[in-house]
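Chain and residue survey
The chain contents come next:
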Amino acid sequence: MSKQAAEHHKKAAEHHESAAHHHKEAAKHHEAGMHEKAAHHAHLAHGHQTHATHHATEGAKQHIEHHGKK
């Protein structure tokens with residue numbers, strides 16, 4: 001795997017971890033009835049998930065470019 005692909009996978013993992021953190025915060029705030037804060041954290045989680053998906057896709061593209069059969 002190329003160094004660039006590895007970096008994409010590392011970034012994907014970091015964003016997944018951040019998304020998980022914000023989902024937990026959203027749940028905590030929902031339970032406390034603090035729906036505005038819950039929505040804020042849910043939105044941040046979604047943003048991190050979007051970035052994670054992007055990096056996972058880019059890592060897969062790097063893999064197919066180096067190892068895919070034509």
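Refer to the structure printed above.
Residues numbered from 1 in each chain as written. Predicted model: local features only at pLDDT ≥ 70, side-chain atom pairs only at ≥ 80, totals over all residues. Heavy atoms only, no water.

Turning to the overall build of the protein, a few remarks are in order. Counting its secondary structure elements, the protein contains two helices and zero strands. At 16 Å, the protein has a C-alpha radius of gyration far larger than the 11 Å of a compact globule built from 70 residues. By principal-axis analysis of the C-alpha atoms, the protein measures approximately 55 × 20 × 10 Å. Within the protein, contacts between residues separated by at least 24 positions form 68% of all contacts whose residues are at least 6 apart in sequence. When the accessible surface of the protein is split by element, carbon and sulfur atoms take 58% of a total near 5,200 Å². Distance from the positive charge centre (9 side chains) to the negative charge centre (8 side chains) of the protein: 7 Å. (Helix = DSSP H or I, 4+ residues; strand = E, 2+ residues; numbered from the N terminus. Rg over C-alpha atoms; globule rule 2.2 N^0.38 Å. Contact = heavy atoms within 4.5 Å. Areas by Shrake-Rupley, 256 points an atom, 1.4 Å probe, with all protein chains shown as cover. Lys, Arg positive; Asp, Glu negative; His and termini not counted. Charge placed at Lys NZ, Arg CZ, Asp CG, Glu CD.)

The next subject is the pattern of salt bridges. Within this structure, the stated rule accounts for four salt bridges. Linking Lys10 and Glu7 is a salt bridge whose minimum nitrogen-to-oxygen distance equals 3.6 Å. Taken together, the residues span about one helical turn, with Lys10 and Glu7 both in helix α1 (residues 3-31) at a distance of three residues. The residue Lys28 makes a salt bridge to Glu25 at a minimum N-O spacing of 3.1 Å. (Salt bridge = Lys/Arg side-chain N within 4 Å of Asp/Glu carboxyl O.)

The subject of this paragraph is the environment of His46. Along the chain, the position of His46 falls in helix α2 (residues 35-67). Overall, the relative accessible area of 51% leaves His46 in the exposed class. As a C-alpha pair, His46 and Ala32 span 14 residues in sequence and 21 Å in three-dimensional space. (Buried < 20%, exposed > 50% of the residue type's maximum accessible area, 1.4 Å probe, protein only.)

Let us look at the side chain of His29. Examined against the element boundaries, His29 turns out to sit in helix α1. For His29, a relative accessible area of 11% translates into the label buried.

With that settled, consider the packing of α1 against α2. Relative orientation of the contacting elements α1 and α2 amounts to 165 degrees, with a least axis distance of 7 Å. The pairing of α1 with α2 is recorded here as roughly antiparallel in orientation. α2 is crossed by α1, and the crossing has left-handed handedness. Considering only residue class, the contact of α1 with α2 consists of eleven nonpolar, 18 polar and four charged. (Axes fitted to C-alpha atoms, helices over the stretch in contact; angles between N-to-C directions. Parallel < 35°, antiparallel > 145°, perpendicular 65-115°, else oblique. Left-handed = near helix turned anticlockwise from the far one by under 90°. Nonpolar A, V, L, I, M, F, W, Y, C, P; charged D, E, K, R; others polar.)

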